[in-house]
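Read off the chains here:
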Amino acid sequence: MFLMFVVWLVVFVGIFRGWRWTPILALANLGYTLLVLRIHMTDPIPLNF
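Structure report, in brief. (Residues numbered from 1 in each chain as written. Predicted model: local features only at pLDDT ≥ 70, side-chain atom pairs only at ≥ 80, totals over all residues. Heavy atoms only, no water.)

**Describing the overall build of the protein**
Filter applied, for reference: Runs of H or I in DSSP of at least four residues are treated as helices and runs of E of at least two as strands, each being numbered from the N terminus. Each residue is assigned to one of three classes by its accessible area relative to the maximum for its type, calculated with a 1.4 Å probe on protein chains only: buried under 20%, partly exposed between the two thresholds, exposed over 50%. Working definition of accessibility: Shrake-Rupley area with a 1.4 Å probe, residue cover restricted to the visible protein chains.
For the protein, the helix and strand inventory stands at two helices and zero strands. Burial statistics for the protein: of 49 residues in total, 18% are counted as buried. For the protein, the exposed area adds up to about 4300 Å²; of that, 75% sits on carbon and sulfur atoms.

What follows is the structure in structure tokens.
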């Protein structure tokens, strides 16, 4: 979960800096976010934020 937060923070900064690789990182992190949520939503123990 912390890795997901850090990468989304890098994407946010990259949008304002105009880095060209930001959309690729955003799509990769979106896929990672969906994967993590899918794994945790089927887990009997819920995530604790």
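Picking up where we left off.
**Structural notes on the side chain of Thr33**
In plain terms, the rule: Every residue pair with non-hydrogen atoms within 4.5 Å of one another is taken to be in contact.
Here Thr33 is to be found in helix α2 (residues 22–41). Those residues in contact with Thr33, other than ones at most four positions away along the chain, are Met4 and Trp8.

**Focus on a nonpolar patch on the surface**
The cut-off we apply is this: Each patch is assembled from residues with relative accessible area greater than 30% and no salt bridge, linking like charges that lie within 9 Å and nonpolar side chains (Val, Leu, Ile, Met, Phe, Trp, Tyr) that lie within 5 Å. In the sections that follow, a salt bridge refers to a side-chain nitrogen of Lys or Arg positioned within 4 Å of a carboxyl oxygen of Asp or Glu.
Judged by side-chain polarity, Phe2, Phe5, Val6, Leu9, Val10, Phe12, Val13, Ile15, Phe16, Trp19 and Trp21 come together as a nonpolar surface patch covering roughly 1100 Å² of accessible area. Relative to the elements of secondary structure, Phe2 occurs in helix α1 (residues 2–17).

**Section: the packing of aromatic side chains**
Defined as follows: Ring geometry is summarised as follows: Phe, Tyr and Trp rings, the Trp one being its six-membered ring, pair when their centres sit within 6.5 Å, and such pairs are stacked at plane angles under 30 degrees, edge-to-face over 60 and tilted between the two.
A complete count under the given rule lists two aromatic pairs for this structure. Relative to Trp21, the ring of Trp19 has its centre 5.2 Å away and its plane inclined at 20 degrees; by these criteria the two rings are stacked.

**Details of α1**
This is how it is decided: The span expected for a helix works out to 1.5 Å for each residue beyond the first. This arc describes the spread of directions from the helix axis toward the C-beta atoms.
Its 16 residues give α1 an end-to-end C-alpha distance of 23 Å, which sits within 8% of 22 Å, the value for a rise of 1.5 Å per residue. Among the residues making up α1, those that are buried are Met4, Val7, Val11 and Gly14. Looking straight down α1, one finds that the buried residues subtend no more than 85 degrees of arc, so they occupy a single side. Opposite its buried face, α1 presents the exposed residues Phe2, Phe5, Phe16 and Arg17, each directed more than 90 degrees away. Looking at the packing, one finds that the buried side of α1 touches α2.

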